[in-house]
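An overview of the molecular structure
For reference, the chains in residue letters:
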Amino acid sequence: MNVFQRCINPQCRSTFDVGEILHRCPTCGALLDVEYDWDKLPTPKKLADFEKYWSERSNPQRFSGVWRFHELLPFAPLDQCVTVGEGQTILQRSNGVAEYVGAAAGSLYLQYEGMNPSGSFKDNGMAAGTTHGRLVGATQAACASTGNTSASLALYCAASKSMKSVVFVGSGKIAYGKLSQALDYGARTVQIQGDFDDAMARVQEVSKKTGIYLLNSLNPFRLEGQKTIMFRVLEALRWEVPDWIVVPGGNLGNSSSFGKAFIELKKLGLIDRVPRLAVINAAGADTLDRLYNDEGLRWNGGNVDNAKIDAFYAQMDAENRRASTIASAIEINRPVNLTKCLRALDFCDGVVRKVSEQEIVDAKASVGANGFGCEPASAASVAGAKKLVAEGVIGRDERVVCILTGHQLKDPNATVAYHGADPAFFESVLGKRGVATAPLANRPVVVGNDIDAILDVLR
Ligand SMILES: *Cc1c(COP(=O)(O)O)cnc(C)c1O
Ligand SMILES: [Zn+2]
């Protein structure tokens, strides 16, 4: 077998067939990777070799921004790979956002993953995850979600007709744009009396008891698809490696898959240097930041200090601390991919920061005002970049790519609360989170139904 699953724990390293449905290593409980015997597979000599597929856009798999990099995630035959046209996303330089962040003109780029079919980067992973699900004959797939995973799963199941979808969401925690998608795409939607961390725990039990195929980012095949976000960033930079990748951290699947992408590109000799990685938590969901910066938790060659993590969670439970942030997509206190993220931080000489609610909504307004737009969680990347430039960790002239993970229309409440003129709505959505002001607000103007008054306003 040229493709297999392997436990990431160096003490274990058990391997499993690609056709097995596993969420964690049955031997030791650690996370699993999809691994390849690269020597026996046709890998490209240089990244520019992928350009030959640009002219094959009438082939749906080669049109896909995920599967046109098939040689770098070859776990299924190309013609059996599920695609809904994901990954038509762009990397755009933004001097406006560079100025906001304090970086030099020309140095800041936004990778706009909101352009995916369901409006978030999750589609990269779902194309790969549903491909594996179909390969192993699953008829039903489930996920726990803060919103975007469920929207993406529901869309992929509806469009590919290969499985039925069941999504578990915390009650009252999901942005309306995302909930509306899950319902519209026909997912069986289960609202649990609890938050995301509760829903995540329950869906793993359900999956174990019923055999429903699990499509959270615990699923290593999903993370294979998300590697392609980095391939497209390099593609857009004409295969040059940037200095920094800045990404919001929730369940830490994205940061983990970026790390794996660079580990493999380096191993294959397709890049000669590795970008640094910055993972940004919301202050109200800061498990990674606390463990990494306060507790000094590290990958440590794979020998992660699990006792430290257990003690941290025990303390969290004792204090009944729950994740709470306007950036609902990263409102997660028990990130399932924590150890893989530590590996990514280790390989990419990474840093972790947390940003406040105020920093998030202001950064989001800056992204919007510069003609892109994103949901609150995505703006954590821009807020994090701003913080790291101010600290001098990111140099003003370094080439920085911020990942905008989700579309602006996902969470209209947050946007209208920020810009709108209704103090009660501001208070109920943002004020209660600790947002005090809206310095970048673009207030609507209320005017009588009278031409002179209207002209007055426009003067
Ligand atoms: C899922 C999601 C995140 C968090 O990504 P992880 O892989 O869970 O760390 C951030 N932003 C948006 C918009 C998301 O949908
Ligand atoms: Zn193991």
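Residues numbered from 1 in each chain as written. Chains lettered and ligands numbered in written order. Predicted model: local features only at pLDDT ≥ 70, side-chain atom pairs only at ≥ 80, totals over all residues. Heavy atoms only, no water.

**Digging into a nonpolar patch on the surface**
On the surface, Val445, Val447, Ile451, Ile454, Leu455, Val457 and Leu458 cluster together to form a nonpolar patch covering roughly 620 Å² of accessible area. Structurally, Leu458 is set in helix α16 (residues 451-458). Residue Leu458 is classed as exposed on the basis of its relative accessible area of 66%. (Patch = residues over 30% accessible without salt bridge, like charges linked within 9 Å, V, L, I, M, F, W, Y side chains within 5 Å. Areas by Shrake-Rupley, 256 points an atom, 1.4 Å probe, with all protein chains shown as cover. Salt bridge = Lys/Arg side-chain N within 4 Å of Asp/Glu carboxyl O. Helix = DSSP H or I, 4+ residues; strand = E, 2+ residues; numbered from the N terminus. Buried < 20%, exposed > 50% of the residue type's maximum accessible area, 1.4 Å probe, protein only.)

**Quick notes on the nonpolar core**
Formed by 100 residues in total, the largest nonpolar core has its most connected members in Leu47, Phe75, Met230, Ile245, Leu265 and Leu277. With six residues, the single largest contributor to this core is helix α7 (residues 220-236). With residues up to four places along the chain from it excluded, the contact list for Leu265 reads Leu47, Leu72, Phe231, Leu234, Leu270 and Ile271. (Core = buried A, V, L, I, M, F, W, Y, C linked by side-chain atoms within 4.5 Å. Contact = heavy atoms within 4.5 Å.)

**Side note on the coordination of the zinc ion (ligand 2)**
Surrounding the zinc ion (ligand 2) are the protein donor atoms Cys7 (SG), Cys12 (SG), Cys25 (SG) and Cys28 (SG), which sit 2.3 Å from the metal. Angles of 95 to 116 degrees at the metal separate the four donor atoms of the zinc ion (ligand 2), which places the site in the tetrahedral class. Spacing between the donor residues of the zinc ion (ligand 2) along their common chain follows C-x4-C-x12-C-x2-C. Since its relative accessible area comes to 0%, Cys7 is described here as buried. For Cys12, a relative accessible area of 22% puts it in the partly exposed group. (Donors = N, O, S within 2.8 Å, 3.2 Å for Na, K, Ca; no water. Tetrahedral: all angles 85-135°; square planar, octahedral: opposite > 155°, others 65-115°.)

**A short note on empty space enclosed by the protein**
Any empty space left between the atoms is revealed when a probe the size of a water molecule rolls over them. A complete count under the given rule lists three cavities of 30 Å³ or more for this structure. Considered as a void within the structure, the largest cavity measures approximately 290 Å³ in volume. Lining the largest cavity are 25 residues, with Phe121, Lys122, Gly250, Asn251 and Ala329 positioned closest to its centre. Within the lining of the largest cavity, the residues separate by chemical class into nine nonpolar, 14 polar and two charged. Its boundaries defined by the atoms lining it, the second largest cavity holds a volume of some 70 Å³. (1 Å grid on protein atoms, 1.4 Å probe; cavity = no way out; pocket = protein on both sides within 12 Å on 5 of 7 lines; lining within 4 Å. Points joined across faces, edges and corners; volume = space filled by probe spheres on them. Nonpolar A, V, L, I, M, F, W, Y, C, P; charged D, E, K, R; others polar.)

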